[in-house]
Amino acid sequence: VLLVNDLPDTYSRERDARAGCRPFFAARAALCAKPGATAGAWGGCGAQRKRAVTETLILVAAGAGMLAGVLLTFIPIIPGTVIVWGVGIVAAVALGFTRITPAAALAMSAVMLVSETRELWLPLFGVKVGGIGCRTSLGALFGGLIGAIVIPVPVLNALLGTVLGAVLVEMLVVRERGRPLRAGGTAAALFAVGYIIEIVSVFVIVAIFHVSVAATQ
């Protein structure tokens, strides 16, 4: 009689225990529902969790690297486009092109190439790169580097250094009236246009990266 009377209580306890475990089983099912996970096996779920953590760490590191690249872009002598692109490609390879798709990697590479070869295609759009020789170009380059180091004003330091370097080389080597000013103007125009292209390219690469990550969640 006692055993019979205890049966309802036993069934009640089992029912309550199952009800209490429902959130536990629901969480496990959600964790194992992703492709590649072994449903119902904690080993498969553990591997899936490890992959998810690794993926998150790689994406966070890539985001930090891209942020650093964006900030470094505002120092004109540093190729921010190449840095941001390199971070994106390394992250894509590390994740097996699952979160950063091959199409996104190709798009980032195309933007980087367009930015870094701007001196070749800018003349097609009417930007004059002529009027300065090889020595003047080198003078503008070294002037920009020295200006970026010596003058404590971001962006303006490299611009002033570039212009002064071109003008000084023209004055010392060519010695034609009016030629140094023309060379300085050309160097300033090239610097300004190239710097704008560099900044725009960096943000486009960052946007492609984040769009691909968001689209592959």
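Up top you'll find the structure we're talking about.
Residues numbered from 1 in each chain as written. Predicted model: local features only at pLDDT ≥ 70, side-chain atom pairs only at ≥ 80, totals over all residues. Heavy atoms only, no water.

1. Focus on the nonpolar core
Counted only if it meets this: In this text, buried Ala, Val, Leu, Ile, Met, Phe, Trp, Tyr and Cys residues form a nonpolar core when linked through side-chain atoms within 4.5 Å. In this scheme, a residue with accessible area under 20% of its type's maximum is buried, one over 50% is exposed, and one in between is partly exposed, where area comes from a 1.4 Å probe on protein chains only. Helix numbering and strand numbering both begin at the N terminus, where a helix is a DSSP run of H or I of at least 4 residues and a strand a DSSP run of E of at least 2. Contacts are assigned to residue pairs with any non-hydrogen atoms lying within 4.5 Å of each other.
If you look at the biggest cluster of nonpolar residues, it comprises 21 residues, and the most contacted ones within it are Leu59, Val84, Ile100, Met108, Ile205 and Phe209. Looking at this core, the elements that each hand over two or more residues are helix H2 (42-73), helix H3 (80-94), helix H4 (102-116) and helix H8 (179-215). The dominant element in this core, judged by the number of residues it contributes, is H8, at six residues. Setting aside chain neighbours within four positions, we find Val84 in contact with Met66, Gly69, Val70, Val202, Ile205 and Val206.

2. Remarks on H4
Selection rule: By this rule the span expected of a helix is its residue count minus one, scaled by 1.5 Å. Arc definition: it is the arc formed by the directions from the helix axis to the C-beta atoms.
With 15 residues, H4 should cover 21 Å at 1.5 Å per step; its first-to-last C-alpha distance of 21 Å lies within 8% of that length. Here H4 has its buried residues at Ala104, Ala105, Met108, Ser109, Val111, Met112 and Ser115. Looking down the long axis of H4, one finds its buried residues gathered within 160° of arc, a one-sided arrangement. Along H4, the residues that are exposed and aim more than 90 degrees away from the buried face are Ala103 and Leu106.

3. Quick word on the pattern of salt bridges
Applied cut-off: Whenever Lys or Arg places a side-chain nitrogen within 4 Å of a carboxyl oxygen from Asp or Glu, that contact is recorded as a salt bridge.
Considering all chains together, one arrives at two salt bridges under this definition. Among the ionic pairs, Glu55 bridges to Arg99, the shortest N-O distance being 2.6 Å. Of this pair, Glu55 sits in helix H2 while Arg99 sits in the loop between H3 and H4; the two residues are 44 residues apart in sequence, bridging distant segments of the chain. Classification of Glu55 by relative accessible area gives partly exposed; the value is 24%. Note that Arg118 and Glu198 form a salt bridge whose closest N and O atoms lie 3.3 Å from each other. Note that Arg118 is positioned in helix H5 (residues 118-121) and Glu198 in helix H8, a separation of 80 residues in sequence. The same class applies to Arg118 and to Glu198, which are both buried.

4. With respect to the packing of H3 against H4
Two numbers describe a pair of packed helices, the interaxial angle and the distance between the axes. Stated precisely, the cut-off is as follows: For helices, the axis comes from a line fit to the C-alpha atoms of the stretch in contact; other axes are also lines fit to C-alpha atoms, and the angle between any two N-to-C directions lies between 0 and 180 degrees. An angle below 35 degrees is read as roughly parallel, one above 145 as roughly antiparallel, one from 65 to 115 as roughly perpendicular, and any other as oblique. With the far helix as reference, a near helix turned anticlockwise by less than a right angle produces a left-handed crossing, and one turned clockwise produces a right-handed crossing. Residues were grouped as follows: Ala, Val, Leu, Ile, Met, Phe, Trp, Tyr, Cys and Pro as nonpolar; Asp, Glu, Lys and Arg as charged; and all remaining residues, including Gly, as polar.
Contact pair H3 / H4: the axes reach a minimum separation of 10 Å and the direction vectors enclose 165°. Viewed along their axes, H3 and H4 adopt a mutual orientation that is roughly antiparallel. For the pair H3 and H4, the sense of crossing is left-handed. Between H3, through Thr81, Val82, Trp85, Gly88 and Ile89, and H4, the contact on the second element is made entirely by Ala105, Met108, Ser109, Met112, Ser115 and Glu116. Of the residues contributing to the contact of H3 with H4, the split by class is six nonpolar, four polar and one charged.

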